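Commentary on secondary and tertiary structure
Residue-level listing of the chains:
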Amino acid sequence: MLTGLRPLPAEEVPLAEALGRVLAEPLTALTTLPPWDNTAMDGFAVRAADVADASPSHPVELRVIGEVAAGHAPTATVEPGTAIRILTGAMLPLGADAVVPVEDTDAQPGLADLPERVAVRFAVAVGESVRRAGSDIRAGDPLCPAGTLVRPATLALLAAAGHATVRAHRPPRVVVLATGDELAAPGTPLGPGQIPESNGPMLAAQARRLGAEVRTGPPAPDRLDAVLGALRGALVWADVVVASGGVSVGAHDVVRTAMESVARLDLWRVAVQPGKPLAFARATGEDGGGERLLFGLPGNPVSSFVTFELFVRPVLRALAGHARPVDRPQVRARLGAAVTKATGRRAYLRVTLRRDPRGDGMLEARLAGGQGSNVLSALAAADGLAIVPEGLAGLPAGAEVDVLPLDGG
């Protein structure tokens, strides 16, 4: 699925719109941070030598000659025997080489008039409570390599370093298409044989959580012409089409046939449980543009969820420009009870996680509920997917397994 995939084109975006995007080029600092020496504390800017002998029993008294607050330049210089009241983030005045916290003086903390004199009760070293210019970053320093996911802290770093815009990859465009005569819109009265449509909202949410732009439409009925029309319409805009249902071997399963009519089928069926009947195809866009990718996911909701996480997720990450699209943290856990599975397929069991009662720091994994591919309640309760290899029919209680956490991103 990842073969030949390239990140989507880059575009210039305002920093405020870059959250969740992936940088298309490395960035360096445009400014130095802090740009000047400043104080990390509310207190008094002093010469450390003046208060070297200060103690609670023998405080050193200094004359207060002014004040400097954040956003204002100092207007006085600290001379021997003097101090300047200074507020957190303000520029360190000339002559000062340390800051005494207000708590270490006899000055009134908080909102207070500027005192004429201040008694310092503790000595300070040169540089104490001072943030030096460039102690965080300097202009020209590398900030973020290409492929960096822009998170809230990344935004803060880039803004502080002087960037107002960034070049980031365009997010993937995803069309989610549910199929099936039995599907009714959530919250509407159900007719005979109908069920509420849940795969569409679920898959759309999974794609949006990865930063994709998502479009959805009403469920397509189990007719080849209807599914074919929906796929052709989706290919006009989408980079990726994710259909659910109608991809197995039933008499009304038409999605695979429709995919083969508009694309080259690369894969059908995977050895996983749940989620065996999965299809993947490549097509040229209806507008004559670049390659489009089509996924046919199983109709059972748990199978649909799991196969999205295993197969669609890495593809969307690759298109979005992630440097390591397949990487996903796993945790190790012990099974709290024995589990069984079909042989020949790798199982992804829905489990809850907690600290193992043995107290050795390891996690314990327990089935979140029934493991049928239709059991949404267990999926919603799960903390992760416990992986049981293909060749096993099960594992005993206490066996160790790898678990894919389901905690977002």
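Being a predicted model, the structure only gives us computed values, none of them experimental.

Analysis parameters
Residues numbered from 1 in each chain as written. Predicted model: local features only at pLDDT ≥ 70, side-chain atom pairs only at ≥ 80, totals over all residues. Heavy atoms only, no water. Pairing = 2+ DSSP bridges. Helix = DSSP H or I, 4+ residues; strand = E, 2+ residues; numbered from the N terminus. Axes fitted to C-alpha atoms, helices over the stretch in contact; angles between N-to-C directions. Buried < 20%, exposed > 50% of the residue type's maximum accessible area, 1.4 Å probe, protein only. Bend = angle between axes of the 7 residues up to and from the residue.

Points about the sheet that holds strand β20 (residues 291–297)
The pairing of strands in a sheet comes from backbone hydrogen bonds and takes either a parallel or an antiparallel form. Read from one edge of the open sheet, six strands run β15-β12-β16-β20-β19-β17, paired in mixed fashion. Pairing within the sheet leaves two strands with one partner each, and these edge strands are β15 (213–216) and β17 (264–268). Across the sheet, the axes of successive neighbouring strands diverge by a mean angle of 20°, strand direction being ignored. Bridge count for strand β16 (residues 240–244) against β20 is five bridges, and the pairing is parallel. Within β20, the position partnered with Ser244 by the bridge is Leu297.

Considering unusual backbone geometry
The step from Leu33 to Pro34 runs through a cis peptide bond, and the omega angle for that step is -15°. Note that Pro34 resides in the loop between β2 (27–28) and β3 (38–39). Not every positive phi belongs to a glycine, and Ser129 is a case in point at roughly 60°. By the secondary structure assignment, Ser129 is in the loop between β8 (117–120) and β9 (130–131). Under the relative-accessibility criterion, Ser129 is labelled buried at 19%. Within the chain, Arg269 stands out as a residue other than glycine whose phi angle is a positive 85°. Structurally, Arg269 is set in the loop between β17 and β18 (272–273). Residue classification places Arg269 among the partly exposed positions, given a relative accessible area of 41%.

Quick look at helix α5 (residues 301–320)
Residues spaced three or four apart along an α-helix face the same direction, because each turn holds 3.6 residues. A maximum bend of about 40° is found in α5 at Phe308. Here α5 lies mainly inside the structure; 20 of its 20 residues are buried. Positive phi shows up at Gly321, right after α5, with a value of about 100°.

Any functional reading would require information beyond the geometric quantities listed.
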